[in-house]
Amino acid sequence: MKLPRWFHRFGSPPYVYALAGTLGPWIGGIAVVLIAAGTFGGLVLAPPDYLQGDSFRIIYIHVPSAYISMMAYVILAVAAAIGFIWRLKLAHAVAVSIAPIGASFTFLALATGAIWGKPTWGTFWQWTDPRMMFELLLLFLYLGYMALRAAFEDRDKADRVSAILGVVGVVNVPIIHYSVIWWNSLHQGPTISRLDGPTITMDMLVPLLIMIVGFTFCFAWLLLSRLQGEIVEREHAARWLRELVAESRG
Amino acid sequence: MDIFLTIMGRDLKLAYRRWSEFANPLLFFVIVASLFPLALSPGQALLQSIGTGVLWVAALLSSLLALEGLFRGDFEDGSMEQILLSPAPFGTVVIAKIAAHWIVSGIPLIVLVPVVALSFQLPGEALATLAAALLLATPTLSVLSAIGAALTVSLKSGGSIIGLLILPLCSPMLIFGTRATDMAANGEPVAAPLYLLAALAVFAISLGPLAVAAALRVGLE
């Protein structure tokens, strides 16, 4: 089977480096515009919640980061699997670049959840909330992945071993997700319902959707710039890179 | 099947000759479980209510101690390389090694934990459930341990990292195991969490060895 030419190009570091350089500013620009619009809509246009007042507005950061935290792990695992199966170095580079971004968004989701928890539940941390527990475990998965990578000196080996961990992790993520949910429902403890009361109105929902799309673009932007850095690190001895540096120096 | 039995028999024999390596984690479990009552304010009601969780977490931590030696010895003396080069299917070998590890580290826990549970005043009905839950949970634990041990086998000191890798993945087991024990203590039906534990075990045993074999291959490269 003959693969189209554009497919092969994604295995070439100089091509991907240049592509990331071209796309990065555009994607970043879209992210800035969308996040600015979503922030304006969320903080100014959306009405205050009848129950929680203005404190609900942290949802515009909290929900998008929680969503990115999960999506990033899936992308990480898919990239790692591609790298492992077809021995594509660039796919490994993508997986490596995602890990710290995903961990940061997970941390952001946890932190905003805790800040939100204070006025709503009266406590920063609720050990009985399944979603918080899940995010915490997801953060541990990211940190474990990064710790395993850091333990290997040989980059090639680190790539392949951590790819296996990434795939094992992503198989486990749904199991962990449902077990923490069932953990609470099996046990007739106090249940916390949030946002379950009145259905969310359009004025509140539209900025949230804009923020989610904006965060996705922001994630892509961060990923592209980290990927560029990762490529430079991996290819530091390559000729195309030296030529590029010489060119930019004039 | 021959290969399975040969490898398992060999590993059991090795374990028998170095029995202290597998006795230490059990001792560790007993010590951790007995430190909790010392650390908490003395009161029977409190111990009874947290007993299940303490026992499960202590069992989980003690199993971390046992897993270092799972592949390390074979890796360092070169026998793992020989096994990989031999025509024996590597997946079978991995399953045999995991089974041997379960026999020497899982089964003693199934016996020991309910005994220690007696000292935490767990009601009699809960003890049988606790043993059943352990019987279903320890195979999963052995598979996850094997994944952790295989991922870190080529590192000089993998010990500190394995916990980071394995413990988050153990959380579903911990949840259903403690839930089953607690529900039995309250006289509720325990089928649901036990079925879930069984499902986890089947899932881990069928897919886990693939990951272990892949990780060992990378480690040997």
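Since the model is a prediction, treat every value here as computed from it, not as a measurement. (Residues numbered from 1 in each chain as written. Chains lettered and ligands numbered in written order. Predicted model: local features only at pLDDT ≥ 70, side-chain atom pairs only at ≥ 80, totals over all residues.)

Regarding its fold elements, chain B presents nine helices and zero strands. Start at the N end of chain B and walk to the C end: the helices and strands fall as α-α-α-α-α-α-α-α-α. In terms of principal-axis extent, the alpha carbons of chain B reach across some 55 × 35 × 30 Å. Expressed as a percentage of the 221 residues in chain B, the buried residues total 46%. (Helix = DSSP H or I, 4+ residues; strand = E, 2+ residues; numbered from the N terminus. Buried ≥ 20, exposed ≤ 12 C-beta atoms within 10 Å, placed from the backbone.)

What follows deals with the overall build of chain A. Along its length, chain A carries eight helices and zero strands. N-terminal to C-terminal, the α/β element order of chain A is α-α-α-α-α-α-α-α. For chain A, the share of sequence-separated contacts (at least 6 apart) that also reach a separation of at least 24 residues comes to 79%. (Contact = placed C-beta atoms within 7 Å.)

At the junction of the two partners, chain A supplies 23 residues and chain B supplies 22 residues. When contributions to the side of chain A that touches chain B are tallied by element, the ones reaching two or more residues are helix 5 (130-151) and helix 6 (155-186) of chain A. Here the side of chain A that touches chain B is built from residues that sort into 17 nonpolar, four polar and two charged. (Nonpolar A, V, L, I, M, F, W, Y, C, P; charged D, E, K, R; others polar.)

The next subject is the confidence of the model for chain B. Fine structural detail should not be taken from predicted coordinates in areas where pLDDT scores are low. On average, chain B scores 87 in pLDDT, and the residues at 70 or more come to 100%. Here the predicted complex carries an ipTM of 0.88, next to a pTM of 0.89. (pLDDT = per-residue confidence, 0-100.)

Once that is clear, we can look at the nonpolar core. Soluble globular proteins tend to pack their nonpolar side chains together in the buried interior. One finds Leu76(A), Ile98(A), Ile164(A), Ile147(B), Ala150(B), Leu197(B) and Ala215(B) to be the most contacted residues of the largest nonpolar core, which totals 132 residues. Those residues in contact with Ala215(B), other than ones at most four positions away along the chain, are Val161(A), Ile164(A), Ile147(B), Ala150(B) and Leu151(B). (Core = buried A, V, L, I, M, F, W, Y, C linked by C-beta atoms within 7 Å.)

Along an α-helix, residues three or four positions apart point the same way, because every turn accommodates 3.6 residues. Over its 28 residues, helix 3 (residues 59-86) of chain A extends 40 Å from the first C-alpha to the last, a length consistent with the 40 Å expected when each residue adds 1.5 Å. Positioned one or two residues after helix 3 of chain A, Arg87(A) has a phi angle of 50°, which is positive. (Expected span 1.5 Å × (residues − 1).)

With that settled, consider unusual backbone geometry. If you check the backbone angles, Arg87(A) has positive phi at about 50° while not being a glycine. What makes Arg87(A) partly exposed here is the crowd of 13 C-beta atoms within 10 Å.

Residues and elements named next belong to chain B. Contact pair helix 1 (residues 2-17) / helix 6 (residues 90-119): the axes reach a minimum separation of 8 Å and the direction vectors enclose 35°. As for how helix 1 packs across helix 6, the hand of that crossing is right-handed. Contact with helix 1, carried on its side by Ile3, Phe4, Ile7, Met8, Asp11, Leu12 and Ala15, involves Thr92, Val93, Ile95, Ala96, Lys97, Ala99, Ala100, Ile103 and Val104 of helix 6 and no other residues of that element. Looking at the contact of helix 1 with helix 6 residue by residue, the class counts come to 13 nonpolar, one polar and two charged. (Axes fitted to C-alpha atoms, helices over the stretch in contact; angles between N-to-C directions. Left-handed = near helix turned anticlockwise from the far one by under 90°.)

Another point: the environment of Gly21(A). Residue placement: Gly21(A) occurs in helix 2 (residues 13-45). Sequence separation between Gly21(A) and Leu227(A) is 206 residues; the distance between their C-alpha atoms is 9.9 Å.

Let's shift gears to the environment of Ile162(B). Residue and element names in this part refer to chain B. Along the polypeptide, isoleucine 162 turns up in helix 8 (residues 159-185). C-beta crowding within 10 Å serves as the criterion here: with 21 such atoms nearby, isoleucine 162 is assigned to the buried category. Through-space distance from the C-alpha of isoleucine 162 to that of proline 42 is 34 Å; in sequence the pair is 120 residues apart. Among residues more than four places away in sequence, those in contact with isoleucine 162 are Leu64, Leu67, Gly148, Ala149 and Thr152.

Residues and elements named next belong to chain B. Contact geometry for helix 3 (residues 44-66) and helix 6: axes closest at 11 Å, N-to-C directions at 150°. On the basis of their axis angle, the class for helix 3 and helix 6 is roughly antiparallel. The element helix 3 and its partner helix 6 pack so that their crossing is right-handed. Across the interface between the two elements, Gly51, Leu55, Ala59, Ser63 and Ala66 from helix 3 touch Ser105, Leu109, Val113, Val116 and Ala117 from helix 6. Split by residue class, the contact of helix 3 with helix 6 holds seven nonpolar, three polar and no charged. (Parallel < 35°, antiparallel > 145°, perpendicular 65-115°, else oblique.)

The subject of this paragraph is the environment of Ala66(B). Residue and element names in this part refer to chain B. Along the chain, alanine 66 turns up in helix 3. For the pair alanine 66 and histidine 101, spaced 35 residues apart in the sequence, the C-alpha separation amounts to 8.7 Å. Those residues within four positions of alanine 66 in sequence are excluded, and the remaining contacts are Phe22, Pro25 and Ser105.

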